Amino acid sequence: LSASPSAPAVFFLSDYGTADEFVGVVHAVLHDLAPLVPVIDLSHQVPPFDVAAGSALLQRSAPFLGAGVVLAVVDPGVGTSRRAVAIETTPAGGPTWLVGPDNGLLVATAELLGGAEAAIALTPEGRAWPGSGRVTEGSGPTFDGRDVFAPAAAHLVRGGDPSVLGPAIDPGSLTPGPDPPTAAVDGGGAGEGWAVTTSVASVDRFGNLQLGIRPRLLEESGLFVGPVEVTVSTGPGPGPGPGPVPARRVVAFGELAEGELGLVADASGRVALVLDRDSAAARLGVTGPGAEVRISLPRRGPG
Amino acid sequence: LSASPSAPAVFFLSDYGTADEFVGVVHAVLHDLAPLVPVIDLSHQVPPFDVAAGSALLQRSAPFLGAGVVLAVVDPGVGTSRRAVAIETTPAGGPTWLVGPDNGLLVATAELLGGAEAAIALTPEGRAWPGSGRVTEGSGPTFDGRDVFAPAAAHLVRGGDPSVLGPAIDPGSLTPGPDPPTAAVDGGGAGEGWAVTTSVASVDRFGNLQLGIRPRLLEESGLFVGPVEVTVSTGPGPGPGPGPVPARRVVAFGELAEGELGLVADASGRVALVLDRDSAAARLGVTGPGAEVRISLPRRGPG
Amino acid sequence: LSASPSAPAVFFLSDYGTADEFVGVVHAVLHDLAPLVPVIDLSHQVPPFDVAAGSALLQRSAPFLGAGVVLAVVDPGVGTSRRAVAIETTPAGGPTWLVGPDNGLLVATAELLGGAEAAIALTPEGRAWPGSGRVTEGSGPTFDGRDVFAPAAAHLVRGGDPSVLGPAIDPGSLTPGPDPPTAAVDGGGAGEGWAVTTSVASVDRFGNLQLGIRPRLLEESGLFVGPVEVTVSTGPGPGPGPGPVPARRVVAFGELAEGELGLVADASGRVALVLDRDSAAARLGVTGPGAEVRISLPRRGPG
């Protein structure tokens, strides 16, 4: 099957929720300024103001996005002096521009897409600003998704000249992304007390706990042979929580017995702590990212 | 008004929710492989792993779908040996293919669309697999919506050769759908103790209880003349619950007095137990499908 | 940058939620009858039956919608004698028709779009009704979004002859919209006890409380100079609640200290009561529209 060249799209992520009109109004502005361009919603349920969660969601999505522009708005600093930016990348087939606030939301994904080659500080007061005049009379500077980011994304996805959007800035001056989840290996050789300490990167709808490590780390630590134990804190950092609880490295959920904890390579290429057809988050009392997870070989009895 | 021939679309149903990036990533893959084809979301709020609820939602939607492909993913067995399938139907104007797991999710809808004429077992390892190479390095077999079903749906909606997707299988070997809601009629002639026992098939956002019977059954049972009584269990099967409660067969919600229970023919051609501008589910303490509902003539006083 | 003429779209608002198939089925009908027309969802999370909330959401969206048709369904009277209508407006670039129930949902938005120039009572039994024959056999008159409003919207957005949809009616006979939020000014000159009493018009996802006043009113009342106090009831109308609480008029959220209440001009050109990166609704115990808010100059101590 021959692949047709991908038609550019806008990939839209926010913490706007869908109870208000915010997402719909941004779609309306995008449709007005770039009528033939599809808009694909990644999610609008990022927890309000949670830049780290938005950044993680965008990173997980990045490998599957085609040509076009990422429009991402999780923006607790709207209306302050934080910059509004467009970052140019050099992906192999993915989005070429990322548009949003300069607060760390975009940088890690730009790295995944080939690196931030160039950047622009968006200046909505510019003379050629597309969409100028649409702002409701008397409205305040509180909806940059509608008034600044969507017009810029529409302009870029249509192939417009980036330089009319604002001055070039040094990509090295962009606010770095949030720290990735931790992962530390301690102990001796395989079978002699190896352990991996990491943290929950995200919790999905099914209660699967994505951890901050890749399967290769478990393999190298000898923790893929036979059963292991996991100790989990119920809040950010170490702390009270269940464990040690037996768990097992499996390839698919279906290998697990009812109620048995498993470690799988998930859809993003990370290790996830899961139950088959049930919520590991509920079982372990984990309510969100940050909980510390320690994976170790089971302690042996005096035998 | 002349009807233009319907442009094919992908009709997408899942239990993915919208808090994670799953739905957005599947849209991105569909857009990449079939850029000009609209994707219409039926719902992504099917309760996690609830194949029966997904099947019911798909059946209710089926009469209103145009040409194209149904992509449905409620898949507790992902990663096991359950088959991934594409089912070909012969509808009069509706979708021609249904793509998803072979776990009963699709079969009842295939029947509604003219019957399963042919079926294919999807083999993602096939040589011509569209979208191969997109899977993240190191990712596990846990996201068939993205890696198997969406590429197959995109291929079929573009009119691609089905045989490249995998071997033909016997449609008779497909896993049957979940049992439909029960309906039993007992008692004598009209006015002499007729009763219909059925169950709640689904509960919608407004708290309307869709029952497992069609209006014709009530008419034939003499239960459409004058008032009736309903007895409702609060959980699956018979059990404690309110009742008998007076109810009345009406054509429209607006005929009901405040707080009066009604039996209406709903938008899917089923009988629904409703209140006007209020939630029958909340009033009767029903939280989901399965509750038993008995509709009978009111008992007469000694008069 | 030259603006291309806006391609017409359908702008879709409802109280259907997204857990059921209602929204998806309406999209499918629209796609069937107007295949090339984009459908932009404003929101489907309007509280069930809440015409006032739907009207407010539509009014907030209106200035940002392009050419096309508004399809709005919050319809507690479905199946009664309430009329189904299409209202023609004369906007400068916005939607030309509004389609929905004649229950006050549409009228205030029609005013914002240039006024209701003409109106039609939709008669689904009409001879040329598009989409006739699609209704499931035996289904009741409970889903006018699918069976009446969507076909009419599709017909109008394609430029069809409005007169086939039903007879013209007097726009003056349309049911008026809900009363707007109240706003009253009392007291003396600036600095001598001025106060504004208004109510919460809506609460957004971030917990910002949109009030029923525009920034100009505060300016004219002398309440923009220096600190003010706000007194808030926790339910509709006056009543128990926190206050008086100090607040400050600011241009942007970022000017506020942690926990400090602010009054900003919001994205719709209204005054909103907010916290920076936190929920004013949660802080003040406000759960929905209607709570009374009094803004006054702080009482002075004995000096």
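Our subject is the structure listed above.
Residues numbered from 1 in each chain as written. Chains lettered and ligands numbered in written order. Predicted model: local features only at pLDDT ≥ 70, side-chain atom pairs only at ≥ 80, totals over all residues. Heavy atoms only, no water.

*Asks:* So what exactly am I meant to see when it comes to the overall build of chain A here?
*Replies:* A tally of helices and strands in chain A yields 6 helices and 15 strands. Within chain A, the fraction of its 303 residues that count as buried is 55%. Intrachain contacts of chain A at a sequence separation of at least 6 include 67% that bridge at least 24 residues. As displayed, chain A has an accessible area near 11,700 Å², and 54% of this comes from carbon and sulfur atoms. (Helix = DSSP H or I, 4+ residues; strand = E, 2+ residues; numbered from the N terminus. Buried < 20%, exposed > 50% of the residue type's maximum accessible area, 1.4 Å probe, protein only. Contact = heavy atoms within 4.5 Å. Areas by Shrake-Rupley, 256 points an atom, 1.4 Å probe, with all protein chains shown as cover.)

*Asks:* When you look at helix α4 (residues 144–157) of chain B in this model, what are you seeing that I'm missing?
*Replies:* Residue and element names in this part refer to chain B. Roughly 35° is the biggest bend found in α4, and it falls at A150, with proline P151 one to four residues downstream. Most of α4 sits inside the fold, with 14 of its 14 residues counted as buried. Positive phi appears at G159, one or two residues downstream of α4, with a value of about 85°. (Bend = angle between axes of the 7 residues up to and from the residue.)

*Asks:* I tried to follow unusual backbone geometry on my own but got confused; where do I start?
*Replies:* Phi is mostly negative for residues that are not glycine, and the peptide bonds are mostly trans. Residues and elements named next belong to chain B. For F49, which is not glycine, the phi torsion reads 70° and is therefore positive. Tracing the chain through its elements places F49 in the loop between β2 (39–43) and α2 (51–61). With a relative accessible area of 26%, F49 lands in the partly exposed category. Notably, R277 is not glycine yet its phi reads approximately 55°, a positive angle.

*Asks:* Where do I start with helix α1 (residues 22–33) of chain B in this structure?
*Replies:* Three- or four-residue spacings in an α-helix give side chains the same orientation, since the helix completes a turn every 3.6 residues. Residues and elements named next belong to chain B. Along its 12 residues, α1 runs 17 Å from first to last C-alpha, staying within 8% of the 16 Å computed at 1.5 Å per residue. Taking burial as the measure, the 12 residues of α1 include 12 buried ones, the bulk of the element. Within the span of α1, buried status applies to F22, V23, G24, V25, V26, H27, A28, V29, L30, H31, D32 and L33. (Expected span 1.5 Å × (residues − 1).)

*Asks:* Would you mind showing me how to read the sheet that holds strand β4 (residues 84–89) of chain A here?
*Replies:* What holds strands together in a sheet is hydrogen bonding between their backbones, with the strands either parallel or antiparallel. Residues and elements named next belong to chain A. Read across the sheet, 7 strands follow the order β2-β1-β3-β5-β4-β6-β7 without closing on themselves; strand pairing throughout is mixed. Two strands bound the open sheet, and with one partner strand each, they are β2 (39–43) and β7 (168–169). Two strands pair when backbone bridges link them, and strand β3 (residues 68–73) and strand β5 (residues 97–101) are joined in this way by 3 bridges, in the parallel orientation. Considered in β5, the bridge of V70 is made with L98. Contacting β1 (9–14), β2 and β3, helix α2 (residues 51–61) runs over the sheet at an angle of about 125° to β2. Sheet contacts for helix α4 (residues 144–157): β1, β3, β4 and β5; angle to β3, the most-contacted strand, approximately 170°. (Pairing = 2+ DSSP bridges. Axes fitted to C-alpha atoms, helices over the stretch in contact; angles between N-to-C directions.)

*Asks:* Mind showing me how you'd approach the side chain of H44 of chain C here?
*Replies:* Considering the arrangement of structural elements, one finds H44 of chain C in the loop between β2 (39–43) and α2 (51–61). For H44 of chain C, a relative accessible area of 6% translates into the label buried. Side-chain polar atoms of H44 of chain C contact the side chain of D41 of chain C, separated by 2.7 Å. Discounting residues that sit within four places of it in the chain, H44 of chain C has contacts with R205 of chain B together with F12, L13, S14, D15, Y16, G17 and V23 of chain C. (Polar contact = N/O pair within 3.5 Å; in protein donor to acceptor, adjacent residues only side chain to side chain.)

*Asks:* Just to check I follow, could you spell out the relation of the copies chain C and chain B for this structure?
*Replies:* Applying a rotation about an axis and a shift along it to one chain copy brings it onto the other copy. Mapping chain C onto chain B calls for a screw motion: a turn of 120° about the axis and a shift of 0.0 Å along it, with 0.1 Å RMSD after fitting. One copy is carried onto the other by what is essentially a three-fold rotation axis. The C-alpha atom lying nearest the rotation axis in chain C is that of P38 of chain C; the distance is 5.3 Å. Of all interface residues in chain C, a mere 2% are interface residues in chain B too; the two copies therefore contact each other through different surfaces. (Least-squares fit on C-alpha atoms with pLDDT ≥ 70 in both.)

*Asks:* So what exactly am I meant to see when it comes to the relation of the copies chain B and chain A here?
*Replies:* Aligned on chain A, chain B shows an RMSD of 0.0 Å; the corresponding rotation is 120° and the shift along the axis is 0.0 Å. The fraction of interface residues of chain B whose copies in chain A are also interface residues is only 2%, indicating that the copies meet through different surfaces.

*Asks:* Is there a simple way to explain the interface of chain C and chain B in this structure?
*Replies:* Frequently, the measure chosen for interface size is the accessible area that the parts lose on association. Taken together, the contacts link 41 residues of chain C with 39 residues of chain B. A buried area of about 3,100 Å², summed over both sides, lies between chain C and chain B, and 59% of it is on carbon and sulfur atoms. Where chain C meets chain B, there are 1 salt bridge. One salt bridge connects E21 of chain C with R60 of chain B, and the closest N-O pair in it is separated by 2.9 Å. Taken together, the links from chain C to chain B amount to 9 residue pairs in polar contact (both at pLDDT 80 or more). Listed by contribution, the elements that provide at least two residues to the side of chain C that touches chain B are α1 (22–33) and α4 (144–157) of chain C. Looking at the side of chain C that touches chain B, its residues break down into 17 nonpolar, 16 polar and 8 charged. (Buried area = accessible area lost by both parts, 1.4 Å probe. Salt bridge = Lys/Arg side-chain N within 4 Å of Asp/Glu carboxyl O. Nonpolar A, V, L, I, M, F, W, Y, C, P; charged D, E, K, R; others polar.)

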